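The primary structure of each chain is shown beneath.
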Amino acid sequence: MTLHPNACSLLWKHVALGAHPFGPIVTPCCRFFIGKDENNEYNIFQPPHEAIKDENYIKLLQQKMQNGEKLPECIKCWTEEAAGKESMRQHFNNQFANTVNVEKFELEYLEIVFSNLCNLACRMCTISDSSSWANLYNKTFYVDKIRDEHVVPIESIDANGKAKTKVISMNQYDFTEIDLSKLTLIKILGGEPMMSVEHVGFLKELEKVHPNLESLEIVYHTNVTKRPPLEVIEIWKKIGVINIIFSIDGYGEVNDYARTFSDWKTIEENVEWYYSLKLLYNINLQFGIHTVLNVLTAWHFDKLRNWITNDKNIDNFKEISIDFVRYPKYLNLAYMPADLKDLYIEKIKSINLSKKQKDRLINHMASEASDNEVWKEFLIKMKSLDKFTKKDLTKIIPLESY
């Protein structure tokens, strides 16, 4: 039996293990919309070795896909395909579909968030992404009587209205119960993965059970403010490819503003340090940059590109990988006032970008209507954060519309 045309091969080859205040999340991929069942309860908090059993969560989703259902949880891919774009579903079907055995789950691609432990509180993140956001929320939005359900959802609020500060740890994962031997690709995110104790334990378990580490690629997304311990580097030496994706959203003080508690000097030093590992330890390291454009960072995107292409000159670097903040709305470029959107589109035309990148930026700007109420919310919340961080939005990103 072959895959149904509406099916996604990731349901047979991949799981994403995430962090949530209610417990470890097991989903077919990182894009899978986390909703509630008819009883208004989350139903995906199972240990991963339970989730992939024949009668459990992943199997039920496989059956729906093989029946031709377009799962509503997969809306992001369906929307892209309807717009004529290649979706993640299509991308991985090209990679895995010919090797799928629809009667059997074989884990080849694993994505992991070990915990929400992070030293930064990026303004577009949530408490599930960063433990630092809880304390920042309590010292800013809570004090100013501002509610932000994107940053801190209701299940992360205590009886006093404050954000719960306990780190959400994924130490419930028992990797000895999962077959890691067929893995070819692992993606590790955070929090900040270089701070994670669970990360070290996972690599040690992987080293014990994987028959051919040289066939394996591990992809990391890091904020570049922390370095991994030596025991991690020792295991990296045995891995086929280590792909380090630097999550940097702006150049210099713009990055530090958007990523609260970040330090640009440390980032520059650590970028150089990561490069040095290639020569020092003979590790097959590859590098990339991923930036998430938003109201705070998009205005200086050209400076970030110049820093990478001219100052750092990453090996084989062609183009920054970009995405857009969609939530919270107040950081989404598409909701900016109309005059600012026009101004930004004019700026895009002068930046040294490919036509494809320029079209993508302009199309995103047109994806939503300007909303002055959302812009007011943006100004109120940045003012609250600025008061605590001792930073000034108008000096970081000078715009007339403030």
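Predicted model only: the values in this text are computed from it and were never measured.

Visitor: Mind showing me how you'd approach the environment of Leu 61 here?
Guide: Summarising the element assignment, Leu 61 is placed in helix α3 (residues 57-66). For Leu 61, a relative accessible area of 5% puts it in the buried group. Separated by 50 residues in the primary sequence, Leu 61 and Leu 11 place their C-alpha atoms 7.5 Å from one another. Apart from residues lying up to four places away in sequence, Leu 61 is in contact with Leu 11, Pro 28, Phe 32 and Leu 71.

Visitor: Would you mind going over the packing of aromatic side chains with me for this structure?
Guide: Each aromatic ring pair is described using two quantities: the centre-to-centre distance and the angle formed by the ring planes. Tallied over the entire structure, the rule returns 15 aromatic pairs. Taking the centre distance of 5.9 Å and the plane angle of 45 degrees together, the rings of Trp 133 and Phe 141 count as tilted. On the basis of relative accessible area, Trp 133 is assigned to the buried category, the value being 0%. Looking at Phe 141, the relative accessible area reads 0%, which means it is buried. Look at Trp 273 and Tyr 274: their rings are 5.0 Å apart centre to centre, the planes differ by 75 degrees, and that puts the pair in the edge-to-face class. For the pair shown, Trp 273 and Tyr 274 are each scored as buried.

Visitor: Just to check I follow, could you spell out the packing of helix α4 (residues 75-82) against helix α5 (residues 88-96) for this structure?
Guide: The description of two packed helices rests on the angle between their axes and on the distance between the axes. Running from N to C, α4 and α5 point in directions that differ by 90 degrees, and their axes come no closer than 8 Å. The angle between α4 and α5 falls in the class roughly perpendicular. Contacts from Cys 77, Trp 78, Glu 80 and Glu 81 in α4 reach Met 88, Arg 89 and Gln 90 in α5. Of the residues assigned to the contact of α4 with α5, the class counts are three nonpolar, one polar and three charged.

Visitor: I'm lost on the nonpolar core in this one. Help?
Guide: Note on soluble globular proteins: their nonpolar side chains tend to be buried together. Counting 123 residues, the largest nonpolar core has Phe 202, Leu 206, Ile 218, Trp 236, Phe 246 and Tyr 274 as the members making the most contacts within it. In terms of residue count, helix α10 (residues 264-281) provides more of this core than any other element does, seven residues in total. Those residues in contact with Phe 202 that lie beyond four places of it in its chain are Leu 110, Ile 112, Phe 114, Phe 175, Leu 180 and Ile 186.

Visitor: Would you mind going over the pairing of strand β6 (residues 217-222) with me for this structure?
Guide: Side-chain positions along a regular strand alternate between the two faces of the sheet. Most of β6 is tucked away: five of the six residues are buried. Relative to β6, strand β5 (residues 185-189) runs parallel, the two sharing four bridges. Looking across to β6, one finds that Ile 188 is bridged to Tyr 220. Crossover β5 to β6 through helix α7 (residues 197-209) is right-handed.

Visitor: What am I meant to see in the confidence of the model for the chain here?
Guide: Any region with low pLDDT has predicted coordinates that should not be read closely. Looking at the chain, pLDDT values average 86 and 89% of them are 70 or higher. Mean pLDDT across the secondary structure elements of the chain bottoms out at helix α2 (residues 48-51), with 62, and peaks at β6, with 96. Contacts from residues 37-43, a stretch scored under 50 in pLDDT, to residues over four places away or in other chains number nine contacts.

Visitor: It is not clear to me how the packing of helix α12 (residues 338-350) against helix α13 (residues 355-365) should be interpreted in this structure. Could you clarify?
Guide: Here α12 crosses α13 at 175 degrees, and the two axes come no closer than 10 Å. Taken together, the axes of α12 and α13 are roughly antiparallel relative to one another. Facing Lys 341, Tyr 344, Ile 345, Ile 348 and Lys 349 of α12, the residues of α13 in contact are Lys 358, Leu 361, Ile 362 and Met 365.

Visitor: Is there a simple way to think about the sheet that holds strand β1 (residues 14-18) in this case?
Guide: Through backbone hydrogen bonds, the strands of a sheet pair up, either in parallel or in antiparallel fashion. The eight strands lie next to each other as β2-β1-β3-β5-β6-β7-β9-β10, forming an open sheet whose pairing is mixed. Only two strands of the sheet have a single partner each, and these edge strands are β2 (25-27) and β10 (321-324). Strand after strand, the sheet turns through a mean of 20 degrees between neighbouring axes, direction not considered. As paired elements, strand β7 (residues 241-247) and strand β9 (residues 285-293) share six bridges and run parallel to each other. The residue of β9 that forms the bridge with Ile 244 is Phe 287. Sitting on the sheet, α10 is in contact with β6, β7 and β9, with an inclination near 155 degrees to β9.

Visitor: What is the right way to read empty space enclosed by the protein from this model?
Guide: Gaps left between atoms are located by rolling a probe of water-molecule size over the structure's atoms. One pass over the structure, following the stated rule, counts one cavity of 30 Å³ or more. By volume, the largest cavity amounts to about 130 Å³. Forming the boundary of the largest cavity are 15 residues, of which Cys 8, Cys 29, Met 65, Cys 74 and Cys 77 lie nearest the centre. For the lining of the largest cavity, the secondary structure elements donating two or more residues are α1 (10-13), α4 and α5. When its residues are assigned to classes, the lining of the largest cavity shows eleven nonpolar, no polar and four charged.

Criteria and thresholds
Residues numbered from 1 in each chain as written. Predicted model: local features only at pLDDT ≥ 70, side-chain atom pairs only at ≥ 80, totals over all residues. Heavy atoms only, no water. Helix = DSSP H or I, 4+ residues; strand = E, 2+ residues; numbered from the N terminus. Buried < 20%, exposed > 50% of the residue type's maximum accessible area, 1.4 Å probe, protein only. Contact = heavy atoms within 4.5 Å. Phe/Tyr/Trp six-rings, centres within 6.5 Å; stacked < 30°, edge-to-face > 60°. Axes fitted to C-alpha atoms, helices over the stretch in contact; angles between N-to-C directions. Parallel < 35°, antiparallel > 145°, perpendicular 65-115°, else oblique. Nonpolar A, V, L, I, M, F, W, Y, C, P; charged D, E, K, R; others polar. Core = buried A, V, L, I, M, F, W, Y, C linked by side-chain atoms within 4.5 Å. Pairing = 2+ DSSP bridges. Right-handed = clockwise from strand over helix to strand, strands pointing away. pLDDT = per-residue confidence, 0-100. 1 Å grid on protein atoms, 1.4 Å probe; cavity = no way out; pocket = protein on both sides within 12 Å on 5 of 7 lines; lining within 4 Å. Points joined across faces, edges and corners; volume = space filled by probe spheres on them.

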